[in-house]
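Residue-level listing of the chains:
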Amino acid sequence: MRVPLSWLREYVDLPATETGRDVQAKLISVGLEVETVEQVGDGIKGPLVVGKVLTIEELEGFKKPIRFCTVDVGRANGTGEPQEIVCGARNFAVGDKVVVVLPGAVLPGDFAIAARKTYGKTSHGMICSGDELGMGDDGSHGIIVLPPEHEVGTDAIELLQLVDEVLDIAVTPDRGYALSIRGVARETAIAYGLPLSDPALLDVPGPNAFGYPVQVSDPMGCDRFTARTVTGLDPEARSPLWLTRRLQKAGMRPISLAVDITNYVMLELGQPLHAYDRSRVQGPIGVRRAEQGEKLTTLDGVKRTLDAEDLVITDDRGPIGLAGVMGGANTEIDDTEGTTTEVVVEAAHFDALSISRTARRHKLASEASKRFERGVDPQAASAAAQRTVDLLVLLAGGTADAGVTEVIAPSAPHTITIPANHPDKVAGVDYGRETVVRRLQQVGCDVYGQDELIVTVPSWRPDLTDPNDLAEEVIRLEGYENLPSTLPKPPAGRGLTDRQRLHRRVGRALAGAGYVEAPNYPFIGEHVFDQFGLAADDPNRKVVKLVNPLSDEEPALRTTLLPGLLGALRRNDGRGSHDLALFETGLVFHPREELKIAVRLPVDRRPTDEEIASLTEALPLQPRHAAVVLTGAREQAGWWGKGRPSDWADAVESARVLAREAGTELVVRGGQYGPWHPGRCAELAVVVEGVEQVIGYAGELHPGVLKTLGLPARTSAMELDLDVLELASAGVPKGPKISTFPVATQDVALVVDASVPHAGVEAALREGAGELLESIRLFDVYENAAQLGEGKKSLAYALRFRAADRTLTVDEASAARDAAVVLAGERVGAVLRG
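Residues numbered from 1 in each chain as written. Predicted model: local features only at pLDDT ≥ 70, side-chain atom pairs only at ≥ 80, totals over all residues. Heavy atoms only, no water.

Remarks on the overall build of the protein chain
Point 1. Check the secondary structure of the protein chain and you find 22 helices and 42 strands.
Point 2. Against the 2.2 N^0.38 benchmark of 28 Å for 834 residues, the protein chain shows a C-alpha radius of gyration of 40 Å, more extended than a compact globule.
Point 3. Projected onto its principal axes, the C-alpha positions of the protein chain cover 125 × 80 × 55 Å.
Point 4. For the protein chain, the proportion of its 834 residues judged to be buried stands at 47%.
Point 5. Considering only contacts in the protein chain between residues 6 or more positions apart, those separated by 24 or more positions represent 71%.
Point 6. As displayed, the protein chain has an accessible area near 41,100 Å², and 51% of this comes from carbon and sulfur atoms.
Point 7. Measuring between centres, the 88 positive side-chain charges of the protein chain sit 5 Å from its 119 negative side-chain charges. (Helix = DSSP H or I, 4+ residues; strand = E, 2+ residues; numbered from the N terminus. Rg over C-alpha atoms; globule rule 2.2 N^0.38 Å. Buried < 20%, exposed > 50% of the residue type's maximum accessible area, 1.4 Å probe, protein only. Contact = heavy atoms within 4.5 Å. Areas by Shrake-Rupley, 256 points an atom, 1.4 Å probe, with all protein chains shown as cover. Lys, Arg positive; Asp, Glu negative; His and termini not counted. Charge placed at Lys NZ, Arg CZ, Asp CG, Glu CD.)

Some points on the packing of helix 13 (residues 498-512) against helix 17 (residues 648-662)
Point 1. Contact pair helix 13 / helix 17: the axes reach a minimum separation of 9 Å and the direction vectors enclose 140°. Classified by the angle their axes make, helix 13 and helix 17 are oblique. Between helix 13 and helix 17 lies a crossing whose hand is right-handed. Together, Leu 502, Arg 505, Val 506, Ala 509 and Leu 510 of helix 13 and Ser 654, Val 657, Leu 658, Glu 661 and Ala 662 of helix 17 make up the contact between the two elements.
Point 2. The class makeup of the residues in the contact of helix 13 with helix 17 is 7 nonpolar, 1 polar and 2 charged. (Axes fitted to C-alpha atoms, helices over the stretch in contact; angles between N-to-C directions. Parallel < 35°, antiparallel > 145°, perpendicular 65-115°, else oblique. Left-handed = near helix turned anticlockwise from the far one by under 90°. Nonpolar A, V, L, I, M, F, W, Y, C, P; charged D, E, K, R; others polar.)

Observations concerning helix 5 (residues 241-249)
Point 1. Counting buried residues in helix 5 gives 8 out of 9 residues, a clear majority hidden from the surface.
Point 2. Regarding helix 5, the residues found buried are Leu 241, Leu 243, Thr 244, Arg 245, Arg 246, Leu 247, Gln 248 and Lys 249.

Remarks on the nonpolar core
Point 1. In this structure, Val 3, Val 23, Leu 27, Leu 167, Ile 169, Val 265 and Leu 392 are the most contacted members of the largest nonpolar core, which totals 53 residues.
Point 2. The contact partners of Leu 167, leaving out residues within four places of it in the chain, are Met 1, Arg 2, Val 3, Leu 5, Val 23, Gln 24, Leu 27, Val 34, Thr 36 and Val 37. (Core = buried A, V, L, I, M, F, W, Y, C linked by side-chain atoms within 4.5 Å.)

Focus on the pairing of strand 25 (residues 415-419)
Point 1. Only one face of strand 25 is covered, namely the one carrying Ile 416 and Ile 418; the face carrying Thr 415, Thr 417 and Pro 419 has none of its residues buried.
Point 2. Of the pairings in the sheet, the one linking strand 25 to strand 27 (residues 452-456) comprises 5 bridges and is antiparallel in character. Across the sheet, residue Ile 418 finds its bridge partner in strand 27, namely Leu 453. (Pairing = 2+ DSSP bridges.)

Description of the environment of Arg 304
Point 1. Relative to the elements of secondary structure, Arg 304 occurs in strand 19 (residues 303-305).
Point 2. For Arg 304 and Leu 257, which are 47 residues apart along the polypeptide, the C-alpha to C-alpha distance reads 27 Å.
Point 3. Beyond its immediate sequence surroundings of up to four residues, Arg 304 is in contact with Glu 294, Lys 295, Leu 296, Thr 298, Leu 322, His 362 and Leu 364.
Point 4. Side-chain polar atoms of Arg 304 contact the side chain of Asp 300, separated by 2.6 Å.
Point 5. A distance of 3.3 Å separates the side chain of Arg 304 from the backbone oxygen of His 362, its partner in a polar contact. (Polar contact = N/O pair within 3.5 Å; in protein donor to acceptor, adjacent residues only side chain to side chain.)

Describing unusual backbone geometry
Point 1. Positive phi values are uncommon outside glycine, yet Asp 110 reaches one of about 60°.
Point 2. Take Asp 110: it is sitting in the loop between strand 7 (106-107) and strand 8 (111-112).
Point 3. Located in the positive-phi region is Glu 689, a residue other than glycine, with phi close to 50°.
Point 4. Inspection of the secondary structure assignment puts Glu 689 in the loop between strand 36 (676-688) and strand 37 (691-701).
Point 5. For Glu 689, a relative accessible area of 80% gives the class exposed.

Notes on helix 9 (residues 381-396)
Point 1. Taking 1.5 Å as the rise per residue, helix 9 with 16 residues should run 22 Å; its terminal C-alpha atoms sit 22 Å apart, in good agreement.
Point 2. Of all the residues in helix 9, the buried ones are Ala 381, Ser 382, Ala 383, Ala 384, Ala 385, Gln 386, Thr 388, Val 389, Leu 391, Leu 392 and Ala 396.
Point 3. At its buried positions, helix 9 is contacted by strand 15 (222-231), helix 5, helix 6 (257-269), strand 23 (343-350) and strand 24 (399-408).
Point 4. Just downstream of helix 9 lies Gly 397, where phi reads positive at about 65°. (Expected span 1.5 Å × (residues − 1).)

Considerations on the packing of aromatic side chains
Think of a pair of aromatic rings as described by two things: how far the centres are apart, and how the planes are tilted against each other in angle.
Point 1. The final tally for this structure, using the stated rule, is 9 aromatic pairs.
Point 2. Here the aromatic cluster, defined as three or more aromatic residues joined through ring pairs, consists of Trp 7, Trp 242 and Tyr 264.
Point 3. For Lys 121, the ring lying beneath its charged end belongs to Phe 68, and the centroid distance is 4.9 Å.
Point 4. A cation over a ring is seen here: Arg 186 above Trp 460, with NZ or CZ 3.9 Å from the ring centre. (Phe/Tyr/Trp six-rings, centres within 6.5 Å; stacked < 30°, edge-to-face > 60°. Lys NZ or Arg CZ within 6 Å of the ring centre and 35° of its normal.)

Here's the deal with the pattern of salt bridges
Point 1. What the rule picks out here adds up to 52 salt bridges.
Point 2. The partner of Arg 182 in a salt bridge is Asp 198, and the shortest N-O contact between them spans 3.0 Å. Of this pair, Arg 182 sits in helix 4 (residues 181-192) while Asp 198 sits in the loop between helix 4 and strand 14 (214-216), and the two are 16 residues apart along the sequence. There is no split in this pair, since Arg 182 and Asp 198 are both buried.
Point 3. For the salt bridge of Asp 463 with Arg 461, the shortest nitrogen-to-oxygen distance reads 2.9 Å.
Point 4. By relative accessible area, Arg 461 is classed as buried at 2%.
Point 5. Each of Arg 175, Glu 187, Arg 461, Asp 463, Glu 472, Glu 473 and Arg 476 takes part in salt bridges that share partners, so that together they form one network. (Salt bridge = Lys/Arg side-chain N within 4 Å of Asp/Glu carboxyl O.)

So, the sheet that holds strand 26 (residues 446-448)
Point 1. The strand order across the open sheet built from 3 strands is 25-27-26, with neighbouring strands paired in antiparallel fashion. What marks the edges here is a single partner per strand, and that holds for strand 25 and strand 26. Adjacent strand axes in the sheet meet at a mean angle of 25°, parallel and antiparallel pairs treated alike.
Point 2. Contacts from helix 11 (residues 433-443) reach strand 26 and strand 27 within the one sheet, and its direction differs from that of strand 27 by about 5°.
Point 3. Here helix 12 (residues 467-478) sits on the sheet in contact with strand 25 and strand 27, set at roughly 70° to strand 25.

Structural notes on the side chain of Ser 729
Point 1. Relative to the assigned elements, Ser 729 resides in the loop between helix 19 (722-727) and strand 39 (744-753).
Point 2. Assessed through its relative accessible area of 19%, Ser 729 is described here as buried.
Point 3. A polar side-chain atom of Ser 729 sits 2.6 Å from the main-chain carbonyl oxygen of Glu 726.

Geometry only, nothing functional implied.
This is the structure in structure tokens:
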């Protein structure tokens, strides 16, 4: 919202010495974000005067039309003689009043004016356009032609209001009232402790039966509709300079008198308005929901297909405007033809949510929709209509019709009950009842009561809905900078939870294993499940959708970490980094079977365990997962060796790293799921309270998935549920007891069927060897049909035995090894090789 300081001073009697910077500081102190203060006309210097064109001589022989003019500037040039000026513009004629800058003046951009010879003539100054004076876009793109009533020699700097300060305010969605001079003036008056001259305090006639007929079919979408009629307008009337200059400073382009007046009143009071050419409206004006598929051509010339949720303005022909967004072309006031002599002024109040959705649906953000979706004062509609009528009568010579139409849906003012000391508790400051009441009354509230205050919220503040909103108003007006800085006193001895410690250990372990953390946004598009090849009934397809997503392509919360990680891998690979190992730990989201409404937690005390539990039950399930993706070289080649590429085994090993950090045994077996290669996918499981639970998968991704996602060949990935892994853990890891006795190593090679997984053989050996077994390692896999037989393979293991209290004998180590081999034979049919 751009607010000219000269306009603001009309409603707040600011001290003459106050600058835009001073007002900026005051408004920031009460919570308005004033981004910049623009110095309009900064550096401009006269003489800049009104002149009258006396003669025009067309100069020939040049590439473009050139005119040599004499202009009467009165005594501004010190002689009273006509001023000779060369000009290339052609939108003025003899007798027109124009703006002339004389030698010695300085225009915006430090452009000094001097007499100079050009096109064979000496030009003593310039005839100015709006761009040259820094006036912005006035729609004419030519010389400024002034109304004939202005006297020759008049100072044009003051006449055109070229010097001013404009405050540029970033209005947050909850403060829609600040999208008006009236709203900003109210905040300024509060900040300075000065009275406000409210421009909405007008004498407005009551409704009667003679007004233009209006039928509102949807009172929920439109709870107030005011219509006024003005006749006898002068179609040749143009917007006066003061009006166009205020619009330009506020960032709007002057169009025509009727439209300029509605825009001016909207900026002044915050109430969007619309003016219809009465001769082009057929029958009563109506407000209803659109019929699905109805067509409407809006003022921007676009033919739009309407949705059944759109709120529209109609006449007997059908829709003539998108309510609160943009009018229709079929009732437009066409200033080019100069035929509009009667207008119907609409000042209505529409449902904020409906307008917001319509504007977004049609990608049609307008000044009106921006205000309606943030909240417009419904009580200002009749005053805005009256102000518009008054200006049309004053500036266009019209006559206000006696008829006044007001359609109003019954509503009661919003009332909030609040303890008088509630702001004190929220801020931690002792404001006292008198301060609380005074500040709420300054906002516009009616306040009654002593210890318990009954507060009636003003109509222009729909954002004030509960006690905390009122507390915020008191705190911001008393000054955020006056809040004391106090640190909370946490109770001693809590520290990190076991869950938090595990998450930190997991991150450090993966980083130590060569992975780089790559956090991603928790949003996905449901098309990714098709790319991953998930079954139609897969639980991961059930997502939590966002009401207001950042991107329409990713409207849901993730149920897996892989899409984000694989996207990061693809981007890095595309930018030349081909050896990648990335990891992420984060929450995934699953909807609950039963939807519950979240409770609002208190701010003046710690929520109870029951309140926290109730809030948690209303949220989606949010387990924490860990995932890795890797591609390219796992070990770099160099003078030390050949190196090796990453493969599925590295993905499986990353899961084992996490299991070791959790202090639990990980069950690894062949599996098949979603995006993984069916022959190179490991299913990961743990035992929780005696029940085995699958917690994730690891391995090489399917070639089809890699091609669809544009990923490098042989990319591998792992993802598991950290929360379930924690449940299977033994708690905080304990340091191992180190034996001072020597280790006894026994090697064993077993022949098994080629289909038997290594994990099954290792589990049997580990169980059979008993407590003396310290570690087991697979160090060789051998396949040879001639020596081992068809469909056989040899697995060679190194078994390390150690006792905590003695040195093991060879017989003891051999007995443990033999017991392990026997159990492996019983379990998986293993036979000792050789």
